Amino acid sequence: TVPSACGSKDSSGHGRRDSQFDDVALMLARAEVANDLLYSNPKRVVIEGGSLLADRDTLQSLADVASPTAARPPQLSMGMAAAGPDCPPQSLAGASAAASGGSRDSYKVYPDGDERALPEFILNCKTMVQLDAATGAWEAALDELPDGDFWRAVVNDLDGLRQRAPLHLSAKIRAGVPPAVRGVVWQTLTRARSTYLQTVYTQLVKEYSPHERVIRRDLTRTFPRVPVFKCEGGEAQQRLFRILKAYSLYDAEVGYCQGLGFIIGPLIMNMSECEAFCVLVRLMETYDLRGMFTEDMAGLHLRLFQFQELAAAIAPEVMGHLDTHGVLPAMYAPSWFLSLFA
């Protein structure tokens, strides 16, 4: 088993470890078969080793859809996608969930503030003690998941999966990581298990930050409808405060930005405090979230430009309508990226 980033290693017997290794090997073989099926799918569009692998007819159909002058079939309007000539249109999120064998209800988009958008186990936990117990039971959750063997292979042999079944791995992650194992999977994907960062965090939380007053002022504004965050001065808010303070010291150039709380919040709800800090650092440094929070916000400007170009290519009628009325991405999209869509 994989040890907790800030906890003790599980002392399992050799027989159990051998059994788990056999399970991972079997899962890798299954994933490789699924990956080969994806490679043979004529609708695939893959960039591998710097080369584009795709069917010519598929690329042409994508170009036709992206063209502003192309005739658009009715089922492609209003964010709907055709599942096939004999299938009714379904939402993109629903299509992804269906492809992964998941429930479409798991991927619904709810109104802002609607608690149904949260995983049930988070809604059922009123205290951080309860939430820690729920997120710490990820190994038991793997045994109950229909595709638990796959996610166990992700946790125990991510490099093997990436090498042998990259398309299958990407498709499963894009369809959504099961809520009960998100914490450990996020740590694995970001390679956040770092003894150095753990040591740094335990030192930084003891120090004073000039941003403390502003951080405390903003705590109650972060996920006020989530049960564990509702209690002012409660454990969830205290963890959020400590991580924000530690990061403001860890990266003095960035310091503190209000949007960081909305990135840290979901981490706190899925893993321990120390683990959340380690994942935050990896997100900021390895995945370049940091560029959005520097003084010039160069990373945010880049993402807004990318969003505008992609949206104009994919939904030219919508973007043209917004542009006609002077509604620019900079007026509505920054909070999406600064909060990592939280």
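Residues numbered from 1 in each chain as written. Predicted model: local features only at pLDDT ≥ 70, side-chain atom pairs only at ≥ 80, totals over all residues. Heavy atoms only, no water.

1. A look at the overall build of the protein
Let me state the cut-off plainly: Think of it this way: any DSSP run of H or I at least four residues long counts as a helix, any run of E at least two long counts as a strand, and we number them from the N terminus. A 1.4 Å probe rolled over the protein chains alone gives each residue an accessible area, and that area as a share of the maximum for its type sets the label: buried under 20%, exposed over 50%, partly exposed in between. By definition, residues are in contact when any of their heavy atoms lie within 4.5 Å. The method behind every accessible area is Shrake-Rupley, applied with a 1.4 Å probe, and residues are considered shielded solely by the protein chains displayed.
In terms of regular secondary structure, the protein is built from 20 helices and four strands. The buried share among the 342 residues of the protein stands at 37%. Pairs at least 24 apart in sequence give 65% of the contacts found in the protein among residues at least 6 apart. Counting every atom, the protein has about 19200 Å² of accessible surface; 56% of that belongs to carbon and sulfur.

2. Thoughts on the packing of helix α11 (residues 195-204) against helix α16 (residues 273-285)
Two quantities define a packed helix pair, namely the angle between the helix axes and the distance between the axes. Inclusion rule: Working convention: axes come from line fits to C-alpha atoms, limited for helices to the stretch in contact. Angles between N-to-C directions cover 0 to 180 degrees. Reported orientations rely on four angle classes, namely roughly parallel under 35 degrees, roughly antiparallel over 145, roughly perpendicular from 65 to 115, and oblique for the rest. Helix crossings are classified by the rotation of the near helix relative to the far one: an anticlockwise turn of less than a right angle makes the crossing left-handed, while a clockwise turn makes it right-handed. Under the scheme applied, nonpolar residues are Ala, Val, Leu, Ile, Met, Phe, Trp, Tyr, Cys and Pro; charged residues are Asp, Glu, Lys and Arg; polar residues are all the others, including Gly.
One can describe the packing of α11 onto α16 by two numbers: an axis separation of 10 Å at closest approach and a directional angle of 115°. Taken together, α11 and α16 sit at an angle that is classed as roughly perpendicular. The way α11 lies across α16 gives a crossing that is right-handed. From α11, Leu-197, Gln-198, Tyr-201 and Leu-204 reach across to α16, where they touch Glu-273, Cys-274, Phe-277, Cys-278, Val-281 and Arg-282. A per-class count over the contact of α11 with α16 returns seven nonpolar, one polar and two charged.

3. Observations concerning the pattern of salt bridges
Threshold: Whenever Lys or Arg places a side-chain nitrogen within 4 Å of a carboxyl oxygen from Asp or Glu, that contact is recorded as a salt bridge.
A full pass over the atoms with the stated rule returns twelve salt bridges. Between Asp-147 and Lys-172 there is a salt bridge, with the nearest N and O atoms lying 2.9 Å from each other. With a gap of 25 residues between them, Asp-147 in the loop between α6 (138-144) and α7 (148-156) and Lys-172 in helix α9 (residues 166-175) connect regions that are remote in the sequence. The shortest N-O distance in the salt bridge between Arg-242 and Glu-273 comes to 2.8 Å.

4. Side note on the packing of aromatic side chains
Note the cut-off: Between rings of Phe, Tyr and Trp, where Trp is taken as its six-membered ring, a pair exists when centres lie within 6.5 Å; planes separated by under 30 degrees are stacked, by over 60 edge-to-face, and by other angles tilted. Consider the ring centre and the ring normal. A charge sits over the ring if Lys NZ or Arg CZ is within 6 Å of that centre and within 35 degrees of that normal.
Scanning all chains against the criterion turns up eleven aromatic pairs. Looking at Lys-172, its charged tip hangs above the ring of Phe-150, at a distance of 5.4 Å from the centre. Positioned above the aromatic ring of Phe-241, the side-chain terminus of Arg-216 is 3.8 Å from the ring centre.

5. So, the environment of Met-297
Topologically, Met-297 is positioned in the loop between α16 and α17 (298-314). Sequence-distant contacts of Met-297, that is, excluding residues within four places in its chain, are made with Gly-291, Met-292 and Leu-338.

6. Some details on the nonpolar core
Among soluble globular proteins, nonpolar side chains are generally buried collectively. The line we're drawing: Here, the term nonpolar core denotes a set of buried Ala, Val, Leu, Ile, Met, Phe, Trp, Tyr and Cys residues that are joined through side-chain atoms within 4.5 Å.
In terms of nonpolar packing, the biggest core is built from 49 residues, with Phe-229 and Leu-280 touching the most fellow members. By residue number, the principal contributor to this core is α16, which donates nine residues. Leave out the neighbours within four places in its chain, and Phe-229 touches Thr-222, Phe-223, Ala-236, Gln-237, Leu-240, Gly-265, Ile-268 and Met-269. Counting residues in hydrophobic clusters, the runner-up holds 17 residues, among them Trp-138, Ala-141, Leu-161 and Leu-189.

7. Things to note about the environment of Met-269
Residue position: Met-269 is located in the loop between α15 (260-268) and α16. In sequence terms Met-269 and Arg-182 are 87 residues apart; their C-alpha atoms lie 9.9 Å from each other. Those residues in contact with Met-269 that sit more than four places away from it in its chain are Phe-121, Ile-122, Leu-131, Thr-135, Val-226, Val-228 and Phe-229.

8. Observations regarding the confidence of the model for the protein
Our working rule: The quantity known as pLDDT measures the predictor's confidence residue by residue, on a range of 0 to 100.
Chain-level statistics for the protein give a pLDDT mean of 77 and a share of 66% at 70 or above. Least confident of the elements in the protein is strand β3 (residues 80-81), whose mean pLDDT is 31; most confident is helix α14 (residues 235-250), at 96. Low pLDDT, under 50, characterises residues 1-5; the stretch is placed with 17 contacts to residues that sit more than four places away or in other chains. With pLDDT under 50 throughout, residues 7-12 is counted as low confidence; its partners more than four residues away or in other chains account for seven contacts.

9. Describing the side chain of Lys-245
Going by this rule: A positive count includes Lys and Arg, and a negative count includes Asp and Glu. His and the chain ends are not counted in either.
In this structure, Lys-245 sits in helix α14. Buried and unpaired, Lys-245 has Glu-212 as its nearest opposite-charge partner, separated by 4.1 Å. Excluding anything up to four places from it in sequence, Lys-245 contacts Leu-204, Val-205, Glu-207, Ser-209, Glu-212 and Ile-215.

10. Side note on α15
With seven of nine residues buried, α15 lies mostly within the body of the structure. For α15, the full list of buried residues reads Leu-260, Gly-261, Ile-263, Ile-264, Gly-265, Leu-267 and Ile-268. The secondary structure elements touched by the buried residues of α15 are α5 (128-135), α10 (182-190), α13 (227-230), α14, α16 and α20 (334-338).

11. What to know about the environment of Glu-235
Going by this rule: Here a polar contact means two N or O atoms within 3.5 Å. Within protein one must be a hydrogen donor candidate and the other an acceptor candidate, and residues neighboring in sequence count only if both atoms are side-chain atoms.
Turning to its location among the elements, Glu-235 is positioned in helix α14. With a relative accessible area of 36%, Glu-235 lands in the partly exposed category. The residues touching Glu-235, leaving out its near neighbours within four places in the chain, are Met-128 and Arg-242. At 3.1 Å, the side chain of Glu-235 forms a polar contact with the side chain of Arg-242.

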